[in-house]
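One-letter residues, chain by chain:
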Amino acid sequence: MSEQSNLEKILSSGKFAVTAEIGPPRGADPTEMIELARKIKGSADAFNLTDNQTAIVRLSSIGSAVLLMKEGIEPVIQMTCRDRNRIALQSDLLGASAIGVKNVLCLTGDHHTFGNEKSAKGVFDLDSISLLNTFKNMRDTKKQLSGEELDSAPNIYLGAAENPFATPYEYRAIRMAKKVKAGAQFIQTQAIFDLDWFERWMAEVRKMDLHEKVHILGGVIPVKSAGALRYMKNKVPGMIVPDALIGRMNRAEDKKEEGIQICIEMIERLKQIEGVHGVHIMAVMWEQIVPRLVTDSKLMPRTSV
Amino acid sequence: MIIGERKKVSEIAEMLAGKKKILVSGCRTCVAICMAGGEKEVSELSSALMLISDRDGLGWKMEENVVERQCEKEWVREIDDKIRNADAIVSLACGLGAQTVADMYPEKEVYPGLNTTFLGVPEEQGVWSEKCLACGECIIHTTGGICPVSRCAKSMRNGPCGGSSNGKCEVDPDTDCAWVAIYDRLKLQGRLDMMTDVIEPKDWSKSHSGGRRKIVRKDLLIQPTDSSGKEVVE
């Protein structure tokens, strides 16, 4: 059997993991992304490469993975069901595995009406859960979805997202259980701003023993302004942002520094929650702050297992 | 039923440039009930086109009529003379009615006066909503009688996505999340356990993805020679 990913080794050894997100550029020139990768490499165990996030056309996740692996970064490629049918998804998984990608995050994907190709035909042949199940079977049984045998199986560590802040709230832990059943080995959650809410959800997760079946990484987003928090509260579907947090940002003199402090506090508290096995930092358009966040949360150094 | 929405009069007028004898033909079935292509709408569109013709000196001769069911040849035949007499037919029926006329009179130019929007139901006066995609394999007995294929923007089969906010869809905050509705329905029925299984991907080959669909019921065929399902064009 091929070698496990660094992320899998860290999580299965019981260590607290750190993942962070890199958004590929909106063009064919990867120079800035590569420079960024050189700066923040070493501050996370693996880096998620988004798949046309919010349906904005960007350099592909797998293409970015090829470039960043050369820089010594371990990628988690994100794959959504929005733009590819089961033929393309399975093919891309085989391609990703062949070039050495070992972590995949299976997503349904933001709807394309959010993006910059609104006239697109949404595919949604599969959903996140059937995608997980398909990839799991490809790996474990060497069979593609139709049941036909593959010449060889992909080597892949499977992740999924879960959003404790979306409706129906009481279904969210059950839905994560479905993802685990379907093949998820690690979970990266939606960004957490309401920690009390998240803790209530984690209590449900523990009641179902899910924290023993899957590695949960709490999602965090560092923000630079109260406006950004308000935007997420009001405009981003499936997010809960407490007014108290917006107030705290409003009162802060140095908003950026306050945003960093809020994020660090969040990470510190997530470390204390039973069943949380890591953090996932989504520093959208602010990736260079990741090393500072990880250092100040006393999660450095990150070492390969 | 089939829900349609009339195209803008200006758009229809533009399509008719250079024509003289124009027949506006509606349908008394679905599009009449959704108030897009029935008797009243045919008359309104004819008058509006006449006004444009008078204003711009186009010299259009308008004729109007409403067929009982424009998707059935028998009913279309009843207006044979009117169709033969026109050099442009604006169909205010759905795409099925418009194509029935077009296929029966291949030498005639047929213009769609409305957009066939979806298979849906009237919710209240003036409100219609989509509830079926004609996917070819109904599964609503597994989802509390609510179709996630048509009512979820992502046709999710395994429960709501992460964008379900306050019971609404991420695509449109005025649209109910189908999966919240399914959850509530199954909860009411005491069948929430139906939402814990991993559901296999849908077999889209039964939908349009499998190619154009056709049903041939041999028991109903009048001419057995048609049993191959080969289309007979009259």
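Conventions we followed
- Residues numbered from 1 in each chain as written.
- Chains lettered and ligands numbered in written order.
- Predicted model: local features only at pLDDT ≥ 70, side-chain atom pairs only at ≥ 80, totals over all residues.
- Heavy atoms only, no water.
- Pairing = 2+ DSSP bridges.
- Helix = DSSP H or I, 4+ residues; strand = E, 2+ residues; numbered from the N terminus.
- Axes fitted to C-alpha atoms, helices over the stretch in contact; angles between N-to-C directions.
- Contact = heavy atoms within 4.5 Å.
- Buried area = accessible area lost by both parts, 1.4 Å probe.
- Salt bridge = Lys/Arg side-chain N within 4 Å of Asp/Glu carboxyl O.
- Nonpolar A, V, L, I, M, F, W, Y, C, P; charged D, E, K, R; others polar.
- Core = buried A, V, L, I, M, F, W, Y, C linked by side-chain atoms within 4.5 Å.
- Buried < 20%, exposed > 50% of the residue type's maximum accessible area, 1.4 Å probe, protein only.
- Domains from an automatic or database assignment.

A. Quick look at the sheet that holds strand 3 (residues 75–80) of chain A. Residues and elements named next belong to chain A. Overall, parallel pairing links the eight strands, which are arranged 1-2-3-4-5-6-7-8 in a closed barrel. The sheet shows a mean angle of 30° between the axes of neighbouring strands, direction not considered. Pairing of strand 7 (residues 215–220) with strand 8 (residues 276–281), which is carried by five bridges, proceeds in the parallel orientation. Of the residues in strand 8, the one forming a bridge with Gly 218 is Val 279. Strand contacts of helix 3 (residues 61–69): strand 1 (17–22), strand 2 (46–49) and strand 3, with the helix running at about 175° to strand 3, the strand carrying the most contacts.

B. Fine view of the sheet that holds strand 7 (residues 127–132) of chain B. All names here are of chain B. As summarised here, the arrangement of the three strands in space is 1-6-7, forming an open sheet in which the pairing is antiparallel. The open sheet has two free edges, formed respectively by strand 1 (2–6) and strand 7, since each of these has just one partner strand. Averaged over all neighbouring strand pairs, the angle between strand axes comes to 70°, with direction disregarded. Relative to strand 6 (residues 114–124), strand 1 runs antiparallel, the two sharing five bridges. Of the residues in strand 6, the one forming a bridge with Ile 3 is Phe 118.

C. Representation of the interface of chain B and chain A. Between chain B and chain A, the residue contacts involve 27 residues of the former and 30 residues of the latter. Summing both partners gives a buried area of about 2400 Å² for chain B against chain A, and 54% of it is carried by carbon and sulfur. Our enumeration of links across chain B and chain A arrives at two salt bridges. Of the charged contacts, one joins Glu 170 of chain A and Lys 187 of chain B as a salt bridge, the two residues approaching to 3.5 Å between their closest N and O atoms. A per-class count over the side of chain B that touches chain A returns 12 nonpolar, nine polar and six charged.

D. Layout of the nonpolar core. Formed by 72 residues in total, the largest nonpolar core has its most connected members in Ile 22, Phe 135, Phe 198, Leu 270 and Ile 281 of chain A. If sequence neighbours within four positions are ignored, Phe 135 of chain A has contacts with Met 79, Leu 89, Gln 90, Leu 93, Val 104, Cys 106 and Leu 158 of chain A.

E. Structural view of the domain arrangement of chain B. Once the domains are mapped, chain B shows domain 1 (2–118) and domain 2 (135–209). A separation of 37 Å is found between the C-alpha centroids of domain 1 of chain B and domain 2 of chain B.

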